[in-house]
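Structure assessment
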Amino acid sequence: MTSPIELKNIQGDIVPGLPKKAQSFFFFKIENVDDFRSKLHKLVPLITTAENVSASHEVIRQHRQSHTSLLSVAFLNIAFSAKGLAKLGFNPAEAKDDGFTNGQFADAKELGDDLKQSSNDPDWVPGFKEKIDGVILVAGDSQHSVHNHLNKAVAVLGKTIKEVLNLFGHVRPGKEEGHEHFGFEDGISNPVVKGLAEDLSGQGPVEPGVIFCGRNGDSVTGRPSWALDGSFLAFRLLQQLVPEFDQFLSQNALKVGDPTVNGAELLGARLTGRWKSGAPIAVTPLRDDPALAADPQRRNKFQFDPSSQEACPFAAHVRKMNPRGDIPQTTGINPHRVIRRGIQYGPEVSTKERANNRTEKDRGLLFVSYQSSLKDGFQFLQKSWANPTTFPPGKTQQPGQDPLIGQVVDVDNQGARSMSGADPGNAASNLDLGFQKWVVAKGGEYFFSPSIPVLRDVFAAGFTIQGGGEL
(Lines give C-alpha, C1' and ligand atoms only; values in the text may rest on other atoms or scores of the structure.)
Protein backbone atom coordinates (compact mmCIF):
# COMPACT_ATOMS: atom_id res chain seq x y z
CA MET A 1 0.00 0.00 0.00
CA THR A 2 1.38 3.41 -0.96
CA SER A 3 1.95 5.74 1.98
CA PRO A 4 0.26 9.18 2.00
CA ILE A 5 1.79 12.09 0.08
CA GLU A 6 4.37 13.94 2.15
CA LEU A 7 4.83 17.68 1.54
CA LYS A 8 8.61 17.29 1.78
CA ASN A 9 8.53 14.95 -1.24
CA ILE A 10 6.70 17.11 -3.81
CA GLN A 11 7.83 20.19 -5.66
CA GLY A 12 6.28 23.33 -4.24
CA ASP A 13 4.96 24.91 -7.42
CA ILE A 14 2.46 22.07 -7.80
CA VAL A 15 1.09 22.39 -4.27
CA PRO A 16 0.65 24.84 -2.65
CA GLY A 17 2.24 27.04 -5.36
CA LEU A 18 5.37 29.19 -5.22
CA PRO A 19 4.80 32.67 -3.71
CA LYS A 20 5.74 35.16 -6.41
CA LYS A 21 5.74 38.67 -7.71
CA ALA A 22 8.15 37.68 -10.49
CA GLN A 23 9.21 34.46 -12.18
CA SER A 24 11.66 33.12 -14.75
CA PHE A 25 11.29 30.02 -16.91
CA PHE A 26 14.75 28.93 -17.98
CA PHE A 27 14.50 26.34 -20.77
CA PHE A 28 17.68 24.34 -21.33
CA LYS A 29 19.38 21.52 -23.21
CA ILE A 30 21.54 18.95 -21.47
CA GLU A 31 25.05 18.98 -22.95
CA ASN A 32 26.76 16.27 -20.88
CA VAL A 33 24.53 13.66 -19.26
CA ASP A 34 26.96 12.17 -16.73
CA ASP A 35 28.16 15.57 -15.55
CA PHE A 36 24.60 16.87 -15.45
CA ARG A 37 23.55 14.02 -13.15
CA SER A 38 26.38 14.81 -10.80
CA LYS A 39 25.52 18.51 -10.76
CA LEU A 40 21.78 17.81 -10.44
CA HIS A 41 22.56 15.99 -7.20
CA LYS A 42 24.02 19.27 -5.91
CA LEU A 43 21.01 21.24 -7.16
CA VAL A 44 18.42 19.12 -5.32
CA PRO A 45 18.97 20.88 -1.94
CA LEU A 46 18.04 24.18 -3.64
CA ILE A 47 14.72 22.82 -4.93
CA THR A 48 11.70 24.18 -3.09
CA THR A 49 9.35 21.57 -1.66
CA ALA A 50 5.72 21.98 -0.65
CA GLU A 51 6.91 21.82 2.94
CA ASN A 52 9.34 24.71 2.28
CA VAL A 53 6.54 26.79 0.74
CA SER A 54 4.23 26.25 3.69
CA ALA A 55 6.96 27.40 6.07
CA SER A 56 7.74 30.40 3.85
CA HIS A 57 4.11 31.55 3.90
CA GLU A 58 4.33 31.90 7.68
CA VAL A 59 7.64 33.77 7.50
CA ILE A 60 6.19 36.14 4.87
CA ARG A 61 3.07 36.68 7.00
CA GLN A 62 5.14 37.61 10.04
CA HIS A 63 7.32 39.94 7.97
CA ARG A 64 4.24 41.81 6.71
CA GLN A 65 3.14 42.53 10.27
CA SER A 66 6.13 44.78 10.92
CA HIS A 67 7.44 45.79 7.48
CA THR A 68 6.04 47.66 4.49
CA SER A 69 8.70 46.32 2.13
CA LEU A 70 8.59 42.86 0.61
CA LEU A 71 10.66 40.08 2.11
CA SER A 72 13.44 39.07 -0.27
CA VAL A 73 12.70 35.45 -1.20
CA ALA A 74 13.27 33.09 -4.13
CA PHE A 75 12.11 29.55 -4.88
CA LEU A 76 13.24 26.97 -7.42
CA ASN A 77 11.67 23.94 -9.15
CA ILE A 78 12.78 21.82 -12.12
CA ALA A 79 11.00 19.67 -14.71
CA PHE A 80 12.04 17.58 -17.74
CA SER A 81 10.66 17.07 -21.22
CA ALA A 82 10.39 13.63 -22.80
CA LYS A 83 13.61 14.42 -24.69
CA GLY A 84 15.31 15.27 -21.41
CA LEU A 85 14.23 12.03 -19.73
CA ALA A 86 15.44 10.06 -22.74
CA LYS A 87 18.84 11.75 -22.43
CA LEU A 88 18.96 10.74 -18.78
CA GLY A 89 18.42 7.13 -19.86
CA PHE A 90 14.72 6.75 -19.07
CA ASN A 91 12.00 5.74 -21.50
CA PRO A 92 9.42 8.56 -21.45
CA ALA A 93 6.80 6.25 -22.97
CA GLU A 94 6.79 4.31 -19.68
CA ALA A 95 4.94 7.25 -18.15
CA LYS A 96 2.02 6.31 -20.42
CA ASP A 97 1.17 9.82 -21.58
CA ASP A 98 1.32 10.21 -25.35
CA GLY A 99 1.16 14.00 -25.21
CA PHE A 100 4.26 14.09 -23.05
CA THR A 101 6.08 11.48 -25.13
CA ASN A 102 5.38 13.20 -28.46
CA GLY A 103 5.87 16.77 -27.24
CA GLN A 104 3.78 19.89 -27.71
CA PHE A 105 5.18 20.79 -31.13
CA ALA A 106 3.55 17.64 -32.55
CA ASP A 107 0.32 18.59 -30.77
CA ALA A 108 0.09 22.20 -31.99
CA LYS A 109 -2.31 21.67 -34.89
CA GLU A 110 -4.80 19.67 -32.83
CA LEU A 111 -4.67 22.34 -30.12
CA GLY A 112 -5.65 24.92 -32.73
CA ASP A 113 -2.42 26.94 -32.83
CA ASP A 114 -1.86 29.13 -35.89
CA LEU A 115 0.10 27.34 -38.60
CA LYS A 116 2.51 28.78 -41.15
CA GLN A 117 1.02 28.46 -44.63
CA SER A 118 4.42 27.73 -46.12
CA SER A 119 5.26 24.75 -43.90
CA ASN A 120 2.11 23.87 -41.94
CA ASP A 121 4.27 24.10 -38.81
CA PRO A 122 3.04 26.08 -35.79
CA ASP A 123 3.76 29.80 -35.94
CA TRP A 124 5.79 29.78 -32.72
CA VAL A 125 8.75 31.78 -31.44
CA PRO A 126 11.95 30.07 -32.63
CA GLY A 127 13.12 28.86 -29.21
CA PHE A 128 10.22 26.45 -28.80
CA LYS A 129 11.04 24.84 -32.15
CA GLU A 130 14.41 23.76 -30.77
CA LYS A 131 15.02 20.70 -28.64
CA ILE A 132 14.29 21.52 -25.00
CA ASP A 133 15.31 19.01 -22.33
CA GLY A 134 14.08 20.79 -19.24
CA VAL A 135 12.95 23.94 -17.51
CA ILE A 136 14.08 25.59 -14.30
CA LEU A 137 11.35 27.65 -12.65
CA VAL A 138 12.46 30.41 -10.29
CA ALA A 139 9.91 32.59 -8.50
CA GLY A 140 10.38 35.34 -5.95
CA ASP A 141 9.55 38.79 -4.67
CA SER A 142 11.34 40.73 -7.43
CA GLN A 143 13.23 40.47 -10.69
CA HIS A 144 16.46 40.97 -8.75
CA SER A 145 15.80 38.06 -6.36
CA VAL A 146 14.67 35.79 -9.19
CA HIS A 147 17.67 36.51 -11.40
CA ASN A 148 20.14 36.05 -8.52
CA HIS A 149 18.63 32.69 -7.57
CA LEU A 150 18.49 31.54 -11.18
CA ASN A 151 22.15 32.49 -11.65
CA LYS A 152 22.99 30.42 -8.58
CA ALA A 153 21.19 27.38 -10.02
CA VAL A 154 22.76 27.79 -13.45
CA ALA A 155 26.18 28.10 -11.81
CA VAL A 156 25.63 24.79 -10.01
CA LEU A 157 24.82 23.04 -13.30
CA GLY A 158 27.58 24.88 -15.13
CA LYS A 159 28.47 23.77 -18.65
CA THR A 160 26.34 20.65 -18.37
CA ILE A 161 23.42 22.68 -19.76
CA LYS A 162 22.88 25.25 -22.49
CA GLU A 163 20.22 27.96 -22.43
CA VAL A 164 17.53 27.69 -25.12
CA LEU A 165 15.13 30.35 -23.90
CA ASN A 166 14.59 32.38 -20.73
CA LEU A 167 11.16 33.94 -20.24
CA PHE A 168 10.42 36.42 -17.47
CA GLY A 169 7.01 37.16 -16.00
CA HIS A 170 5.72 39.47 -13.30
CA VAL A 171 2.45 40.36 -11.64
CA ARG A 172 0.74 43.49 -12.89
CA PRO A 173 1.18 46.74 -10.93
CA GLY A 174 -1.00 48.24 -8.21
CA LYS A 175 -4.66 47.30 -8.13
CA GLU A 176 -4.16 45.09 -11.21
CA GLU A 177 -2.07 42.59 -9.22
CA GLY A 178 -3.65 39.16 -9.59
CA HIS A 179 -5.41 40.15 -12.80
CA GLU A 180 -4.41 38.97 -16.26
CA HIS A 181 -3.94 41.54 -19.04
CA PHE A 182 -7.59 41.59 -20.12
CA GLY A 183 -8.25 42.75 -16.57
CA PHE A 184 -9.86 39.65 -15.03
CA GLU A 185 -8.84 38.14 -11.69
CA ASP A 186 -6.94 34.93 -12.40
CA GLY A 187 -6.39 31.63 -10.62
CA ILE A 188 -9.28 31.82 -8.16
CA SER A 189 -10.88 28.46 -8.98
CA ASN A 190 -7.97 26.04 -8.62
CA PRO A 191 -9.01 22.71 -7.10
CA VAL A 192 -7.87 21.63 -3.66
CA VAL A 193 -6.12 18.25 -3.46
CA LYS A 194 -7.79 15.96 -0.95
CA GLY A 195 -5.64 15.47 2.13
CA LEU A 196 -3.24 18.33 1.38
CA ALA A 197 -5.40 21.36 2.21
CA GLU A 198 -8.85 22.29 3.45
CA ASP A 199 -11.41 23.07 0.77
CA LEU A 200 -13.24 26.29 1.60
CA SER A 201 -14.64 26.92 -1.87
CA GLY A 202 -17.66 24.66 -1.87
CA GLN A 203 -16.42 22.96 -5.05
CA GLY A 204 -15.12 19.95 -3.15
CA PRO A 205 -11.57 18.57 -3.34
CA VAL A 206 -10.20 16.34 -6.09
CA GLU A 207 -8.51 13.00 -5.53
CA PRO A 208 -4.70 13.27 -5.26
CA GLY A 209 -4.28 11.18 -8.43
CA VAL A 210 -5.93 13.86 -10.55
CA ILE A 211 -2.79 15.94 -10.00
CA PHE A 212 -0.11 13.46 -8.84
CA CYS A 213 0.86 10.31 -10.70
CA GLY A 214 0.40 6.98 -8.94
CA ARG A 215 -2.12 8.23 -6.40
CA ASN A 216 -5.78 7.43 -5.86
CA GLY A 217 -7.71 8.96 -8.74
CA ASP A 218 -4.93 8.62 -11.33
CA SER A 219 -6.65 7.36 -14.49
CA VAL A 220 -3.50 5.55 -15.65
CA THR A 221 -2.18 2.35 -14.10
CA GLY A 222 1.16 0.62 -14.49
CA ARG A 223 3.32 3.73 -14.53
CA PRO A 224 7.02 3.36 -13.64
CA SER A 225 7.98 3.80 -10.00
CA TRP A 226 9.86 7.01 -10.87
CA ALA A 227 6.53 8.66 -11.75
CA LEU A 228 5.13 8.46 -8.19
CA ASP A 229 4.20 11.90 -6.81
CA GLY A 230 5.33 13.59 -10.01
CA SER A 231 3.04 15.73 -12.14
CA PHE A 232 2.94 16.70 -15.80
CA LEU A 233 3.54 20.39 -16.46
CA ALA A 234 1.95 21.99 -19.51
CA PHE A 235 3.65 25.28 -20.42
CA ARG A 236 2.18 27.70 -22.96
CA LEU A 237 3.40 31.11 -24.10
CA LEU A 238 0.10 32.92 -24.69
CA GLN A 239 0.14 36.39 -26.23
CA GLN A 240 -2.87 38.57 -25.41
CA LEU A 241 -4.11 41.21 -27.85
CA VAL A 242 -5.63 43.54 -25.28
CA PRO A 243 -6.43 46.68 -27.36
CA GLU A 244 -8.13 44.54 -29.99
CA PHE A 245 -10.16 42.71 -27.33
CA ASP A 246 -11.25 45.97 -25.71
CA GLN A 247 -12.21 47.39 -29.12
CA PHE A 248 -14.41 44.35 -29.79
CA LEU A 249 -16.17 44.82 -26.45
CA SER A 250 -16.75 48.48 -27.18
CA GLN A 251 -18.05 47.87 -30.71
CA ASN A 252 -20.41 45.11 -29.54
CA ALA A 253 -21.42 46.60 -26.19
CA LEU A 254 -24.62 45.04 -24.87
CA LYS A 255 -27.75 47.07 -24.34
CA VAL A 256 -29.97 46.17 -21.42
CA GLY A 257 -32.91 47.96 -19.84
CA ASP A 258 -30.79 49.54 -17.09
CA PRO A 259 -28.83 52.56 -18.43
CA THR A 260 -26.39 52.36 -15.51
CA VAL A 261 -25.01 49.04 -16.78
CA ASN A 262 -21.78 49.38 -18.77
CA GLY A 263 -22.49 47.37 -21.92
CA ALA A 264 -18.84 46.74 -22.83
CA GLU A 265 -18.00 45.52 -19.33
CA LEU A 266 -21.09 43.32 -19.33
CA LEU A 267 -20.09 41.74 -22.64
CA GLY A 268 -16.58 41.08 -21.31
CA ALA A 269 -18.04 39.45 -18.21
CA ARG A 270 -20.34 37.25 -20.32
CA LEU A 271 -17.49 36.14 -22.58
CA THR A 272 -15.45 35.27 -19.50
CA GLY A 273 -18.13 34.06 -17.09
CA ARG A 274 -16.87 36.34 -14.33
CA TRP A 275 -16.56 40.06 -13.78
CA LYS A 276 -13.09 41.55 -13.62
CA SER A 277 -13.13 41.26 -9.84
CA GLY A 278 -13.72 37.51 -10.16
CA ALA A 279 -17.37 37.59 -9.12
CA PRO A 280 -19.31 34.92 -11.10
CA ILE A 281 -22.02 36.23 -13.41
CA ALA A 282 -24.07 33.13 -12.60
CA VAL A 283 -24.61 34.76 -9.18
CA THR A 284 -24.53 38.45 -10.09
CA PRO A 285 -25.48 38.68 -13.79
CA LEU A 286 -25.73 42.46 -14.38
CA ARG A 287 -23.30 44.07 -11.93
CA ASP A 288 -19.88 43.31 -10.50
CA ASP A 289 -19.71 42.43 -6.82
CA PRO A 290 -16.14 42.84 -5.52
CA ALA A 291 -17.14 41.74 -2.00
CA LEU A 292 -18.41 38.44 -3.39
CA ALA A 293 -15.22 38.03 -5.42
CA ALA A 294 -13.05 38.62 -2.35
CA ASP A 295 -14.77 35.89 -0.34
CA PRO A 296 -13.08 32.50 -1.00
CA GLN A 297 -16.03 30.68 0.55
CA ARG A 298 -18.60 32.26 -1.81
CA ARG A 299 -16.93 33.07 -5.12
CA ASN A 300 -16.90 29.44 -6.28
CA LYS A 301 -20.10 28.26 -4.62
CA PHE A 302 -22.45 28.23 -7.61
CA GLN A 303 -23.88 25.97 -10.29
CA PHE A 304 -24.88 26.79 -13.86
CA ASP A 305 -28.48 26.27 -14.96
CA PRO A 306 -28.09 23.42 -17.48
CA SER A 307 -31.18 24.51 -19.42
CA SER A 308 -30.37 28.21 -19.73
CA GLN A 309 -27.67 30.66 -20.76
CA GLU A 310 -29.57 33.74 -19.62
CA ALA A 311 -27.36 34.24 -16.57
CA CYS A 312 -24.20 32.82 -18.19
CA PRO A 313 -23.58 31.76 -21.82
CA PHE A 314 -22.93 28.07 -22.38
CA ALA A 315 -19.62 28.99 -24.07
CA ALA A 316 -18.34 31.46 -21.45
CA HIS A 317 -14.72 30.69 -20.62
CA VAL A 318 -15.19 29.64 -16.99
CA ARG A 319 -18.24 27.54 -17.93
CA LYS A 320 -16.30 25.73 -20.66
CA MET A 321 -13.41 25.06 -18.29
CA ASN A 322 -15.57 23.99 -15.32
CA PRO A 323 -19.13 23.24 -16.48
CA ARG A 324 -20.52 22.75 -12.99
CA GLY A 325 -24.18 21.83 -13.29
CA ASP A 326 -23.94 20.98 -17.00
CA ILE A 327 -22.34 17.56 -16.52
CA PRO A 328 -21.77 15.35 -13.43
CA GLN A 329 -19.17 16.79 -11.04
CA THR A 330 -17.55 13.59 -9.78
CA THR A 331 -17.35 11.61 -13.04
CA GLY A 332 -17.50 14.35 -15.67
CA ILE A 333 -15.57 17.31 -14.26
CA ASN A 334 -13.20 16.29 -11.44
CA PRO A 335 -11.05 13.92 -13.57
CA HIS A 336 -10.25 16.88 -15.84
CA ARG A 337 -9.35 19.48 -13.22
CA VAL A 338 -5.89 21.03 -13.37
CA ILE A 339 -3.92 23.32 -11.08
CA ARG A 340 -2.86 26.54 -12.83
CA ARG A 341 0.28 28.40 -11.80
CA GLY A 342 0.84 30.94 -14.58
CA ILE A 343 2.04 34.54 -14.41
CA GLN A 344 1.67 37.57 -16.64
CA TYR A 345 4.44 38.95 -18.83
CA GLY A 346 5.02 42.15 -20.77
CA PRO A 347 4.24 45.84 -20.18
CA GLU A 348 0.93 47.52 -19.51
CA VAL A 349 -1.04 48.73 -22.52
CA SER A 350 0.17 52.18 -23.58
CA THR A 351 -1.96 55.23 -24.34
CA LYS A 352 -0.94 54.95 -28.00
CA GLU A 353 -2.00 51.30 -28.21
CA ARG A 354 -5.38 52.11 -26.69
CA ALA A 355 -5.90 55.05 -29.04
CA ASN A 356 -5.01 52.98 -32.12
CA ASN A 357 -6.75 49.78 -30.90
CA ARG A 358 -3.64 47.85 -31.89
CA THR A 359 -1.06 45.82 -29.98
CA GLU A 360 2.51 47.05 -30.39
CA LYS A 361 4.23 45.56 -27.31
CA ASP A 362 4.22 41.84 -26.60
CA ARG A 363 2.27 40.88 -23.45
CA GLY A 364 0.27 37.97 -22.20
CA LEU A 365 0.39 34.94 -19.95
CA LEU A 366 3.09 32.40 -19.18
CA PHE A 367 0.58 29.61 -18.67
CA VAL A 368 1.37 26.63 -16.45
CA SER A 369 -0.90 23.77 -15.47
CA TYR A 370 -0.20 20.61 -13.46
CA GLN A 371 -2.04 17.31 -13.88
CA SER A 372 -1.39 13.56 -13.66
CA SER A 373 -2.56 13.11 -17.25
CA LEU A 374 -2.16 15.59 -20.10
CA LYS A 375 -4.76 13.61 -22.04
CA ASP A 376 -7.32 14.08 -19.26
CA GLY A 377 -6.07 17.52 -18.21
CA PHE A 378 -4.74 20.34 -20.37
CA GLN A 379 -5.16 18.58 -23.72
CA PHE A 380 -8.70 17.53 -22.89
CA LEU A 381 -9.73 21.00 -21.74
CA GLN A 382 -8.47 22.61 -24.94
CA LYS A 383 -9.45 19.96 -27.48
CA SER A 384 -12.69 18.58 -26.03
CA TRP A 385 -14.18 21.54 -24.17
CA ALA A 386 -12.76 24.90 -25.36
CA ASN A 387 -12.54 24.26 -29.12
CA PRO A 388 -15.70 22.26 -29.99
CA THR A 389 -18.84 24.28 -30.72
CA THR A 390 -21.03 21.52 -29.23
CA PHE A 391 -19.73 21.65 -25.65
CA PRO A 392 -21.36 21.71 -23.10
CA PRO A 393 -23.49 18.89 -24.54
CA GLY A 394 -27.23 18.46 -24.73
CA LYS A 395 -28.14 22.11 -25.20
CA THR A 396 -31.06 23.35 -27.29
CA GLN A 397 -28.68 25.85 -28.90
CA GLN A 398 -25.12 25.18 -30.04
CA PRO A 399 -22.78 26.87 -27.51
CA GLY A 400 -19.90 27.78 -29.86
CA GLN A 401 -16.19 28.14 -29.10
CA ASP A 402 -14.73 29.41 -25.85
CA PRO A 403 -14.41 33.10 -26.85
CA LEU A 404 -11.07 33.55 -25.06
CA ILE A 405 -9.08 30.40 -25.80
CA GLY A 406 -11.29 28.34 -28.12
CA GLN A 407 -9.89 27.79 -31.61
CA VAL A 408 -11.19 26.59 -34.96
CA VAL A 409 -9.24 23.47 -35.86
CA ASP A 410 -9.28 23.23 -39.66
CA VAL A 411 -6.78 23.24 -42.52
CA ASP A 412 -4.97 26.34 -41.33
CA ASN A 413 -6.48 26.78 -37.83
CA GLN A 414 -7.48 30.31 -38.73
CA GLY A 415 -11.26 30.11 -39.23
CA ALA A 416 -13.98 32.40 -37.93
CA ARG A 417 -15.38 31.74 -34.45
CA SER A 418 -18.78 32.35 -32.90
CA MET A 419 -20.77 31.73 -29.73
CA SER A 420 -24.41 31.85 -28.66
CA GLY A 421 -25.99 33.47 -25.63
CA ALA A 422 -23.71 36.51 -25.32
CA ASP A 423 -26.72 38.86 -25.21
CA PRO A 424 -28.80 38.19 -22.05
CA GLY A 425 -31.79 39.89 -23.66
CA ASN A 426 -31.64 37.56 -26.66
CA ALA A 427 -30.03 34.32 -25.55
CA ALA A 428 -30.93 32.65 -28.85
CA SER A 429 -28.76 35.04 -30.86
CA ASN A 430 -25.25 34.24 -32.09
CA LEU A 431 -22.27 36.54 -31.69
CA ASP A 432 -19.75 36.51 -34.52
CA LEU A 433 -16.29 36.54 -32.97
CA GLY A 434 -14.67 36.84 -36.40
CA PHE A 435 -11.23 35.66 -37.42
CA GLN A 436 -9.47 37.69 -34.74
CA LYS A 437 -7.88 35.66 -31.94
CA TRP A 438 -7.31 37.65 -28.77
CA VAL A 439 -5.18 34.88 -27.25
CA VAL A 440 -2.44 33.61 -29.57
CA ALA A 441 -0.28 30.62 -28.68
CA LYS A 442 3.38 31.36 -29.47
CA GLY A 443 4.96 28.15 -28.20
CA GLY A 444 5.23 25.70 -25.36
CA GLU A 445 6.24 22.24 -24.22
CA TYR A 446 5.13 19.40 -21.95
CA PHE A 447 7.30 18.49 -18.96
CA PHE A 448 7.38 16.05 -16.06
CA SER A 449 7.93 17.51 -12.59
CA PRO A 450 9.41 14.65 -10.51
CA SER A 451 9.18 14.11 -6.78
CA ILE A 452 12.17 15.10 -4.64
CA PRO A 453 13.17 11.48 -3.84
CA VAL A 454 13.14 10.62 -7.54
CA LEU A 455 15.20 13.69 -8.42
CA ARG A 456 17.72 12.89 -5.70
CA ASP A 457 17.91 9.10 -5.81
CA VAL A 458 17.03 8.25 -9.42
CA PHE A 459 17.48 11.08 -11.92
CA ALA A 460 20.54 12.61 -10.28
CA ALA A 461 22.32 9.39 -9.38
CA GLY A 462 21.08 7.25 -12.24
CA PHE A 463 19.96 4.54 -9.84
CA THR A 464 16.61 2.79 -9.78
CA ILE A 465 14.17 3.15 -6.89
CA GLN A 466 14.65 0.38 -4.35
CA GLY A 467 12.01 -2.19 -5.12
CA GLY A 468 11.67 -0.90 -8.70
CA GLY A 469 8.77 -1.96 -10.87
CA GLU A 470 5.46 -0.35 -11.60
CA LEU A 471 3.07 1.65 -9.45
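Residues numbered from 1 in each chain as written. Predicted model: local features only at pLDDT ≥ 70, side-chain atom pairs only at ≥ 80, totals over all residues. Heavy atoms only, no water.

All right, on to the side chain of R172 then. Among the structural elements, R172 can be located in the loop between β4 (161-170) and β5 (231-240). Within the structure, the side chain of R172 is placed 3.1 Å from the side chain of E176, a separation counted as a polar contact. Setting aside its immediate chain neighbours within four residues, R172 contacts E177, H179, E180, H181, G183, Q344 and E348. (Helix = DSSP H or I, 4+ residues; strand = E, 2+ residues; numbered from the N terminus. Polar contact = N/O pair within 3.5 Å; in protein donor to acceptor, adjacent residues only side chain to side chain. Contact = heavy atoms within 4.5 Å.)

Further remarks concern the packing of aromatic side chains. With the rule as written, the count across this model stands at 23 aromatic pairs. Measuring from ring centre to ring centre gives 6.1 Å for F28 and F36, while their planes differ by 35°; the resulting arrangement is tilted. Judged on exposure class, the residue F28 and its partner F36 are both buried. When the ring of F90 is compared with that of F459, the centres are 4.9 Å apart and the planes differ by 50°; the resulting orientation is tilted. Of this pair, F90 sits in the loop between α3 (82-87) and α4 (98-102) while F459 sits in helix α14 (residues 452-459), and the two are 369 residues apart along the sequence. An identical accessibility class is assigned to F90 and F459; each is buried. Taken together, the ring pairs in this structure connect F28, F36, F80, F90, F100, W226, F232, F448 and F459 into an aromatic cluster. If you follow R417 out to its NZ or CZ, it ends over the ring of W438, 5.5 Å from the centre. (Phe/Tyr/Trp six-rings, centres within 6.5 Å; stacked < 30°, edge-to-face > 60°. Buried < 20%, exposed > 50% of the residue type's maximum accessible area, 1.4 Å probe, protein only. Lys NZ or Arg CZ within 6 Å of the ring centre and 35° of its normal.)

Summed over all chains, the structure comprises 24 salt bridges. For the salt bridge of R172 with E176, the shortest nitrogen-to-oxygen distance reads 3.1 Å. The exposure class assigned to E176 is buried, which follows from its relative accessible area of 18%. Among the salt bridges present, the one from R319 reaches D326, with a minimum N-O distance of 2.7 Å. As far as burial versus exposure is concerned, R319 and D326 are alike and both buried. In the salt-bridge network here, residues are joined through shared partners; they are R172, K175, E176 and E348. (Salt bridge = Lys/Arg side-chain N within 4 Å of Asp/Glu carboxyl O.)

Here we take up unusual backbone geometry. A cis amide bond links V15 with the next residue in sequence, P16, at an omega value of 0°. Relative to the helices and strands, P16 is located in the segment before β1 (22-30). The linkage connecting F391 with the following residue, P392, adopts the cis geometry, with an omega of 0°. Along the chain, P392 turns up in the loop between α13 (378-386) and β9 (417-420). Positive phi values are uncommon outside glycine, yet D229 reaches one of about 65°. Structurally, the position occupied by D229 is in the loop between β4 and β5. Of note in this structure, N357 is not a glycine but carries a positive phi near 55°. Mapped onto the fold, N357 is located in the loop between α12 (351-356) and β8 (364-371).

Membership of the largest hydrophobic core comes to 85 residues, with the highest contact counts inside it found for F80, W226 and F459. Of all the elements, α14 adds the most residues to this core, at five residues. Counting residues in hydrophobic clusters, the runner-up holds 32 residues, among them I10, V15, A108 and V368. (Core = buried A, V, L, I, M, F, W, Y, C linked by side-chain atoms within 4.5 Å.)

Moving on, we come to the packing of helix α7 (residues 242-251) against helix α8 (residues 263-272). Running from N to C, α7 and α8 cross one another at 115°; their axes reach a closest spacing of 8 Å. Helix-helix and strand crossings are classified by hand; for α7 and α8 the assignment is right-handed. Along its contact with α7, which presents F245, F248, L249 and S250, the element α8 presents A264, L267, G268 and L271. Of the residues assigned to the contact of α7 with α8, the class counts are six nonpolar, two polar and no charged. (Axes fitted to C-alpha atoms, helices over the stretch in contact; angles between N-to-C directions. Left-handed = near helix turned anticlockwise from the far one by under 90°. Nonpolar A, V, L, I, M, F, W, Y, C, P; charged D, E, K, R; others polar.)

On to the confidence of the model for the protein chain. Residues with a pLDDT of 70 or more make up 97% of the protein chain, whose mean pLDDT is 93. Per-residue pLDDT stays below 50 along residues 464-468; that stretch engages in six contacts with residues further than four places along the chain or on separate chains. (pLDDT = per-residue confidence, 0-100.)

Below, the discussion takes up the pairing of strand β3 (residues 134-140). Of all seven residues making up β3, seven are buried, and the element is well covered by its neighbours. Burial along β3 is two-sided: the residues G134, I136, V138 and G140 and V135, L137 and A139 are all buried. As paired strands, β1 and β3 are joined by seven bridges and run antiparallel to one another. Note on β3: the bridge partner recorded for F26 is I136. Across seven bridges, the pairing between strand β2 (residues 74-80) and β3 is antiparallel. (Pairing = 2+ DSSP bridges.)

So, about the packing of helix α1 (residues 33-43) against helix α6 (residues 143-157). Where α1 contacts α6, the axes come no closer than 8 Å and their chain directions differ by 140°. Judged by the inter-axis angle, α1 sits oblique to α6. On the side of α1, the interface is formed by F36, K39, L40, K42 and L43, while α6 contributes A153, V156 and L157. For the contact of α1 with α6, the per-class residue count stands at six nonpolar, no polar and two charged. (Parallel < 35°, antiparallel > 145°, perpendicular 65-115°, else oblique.)

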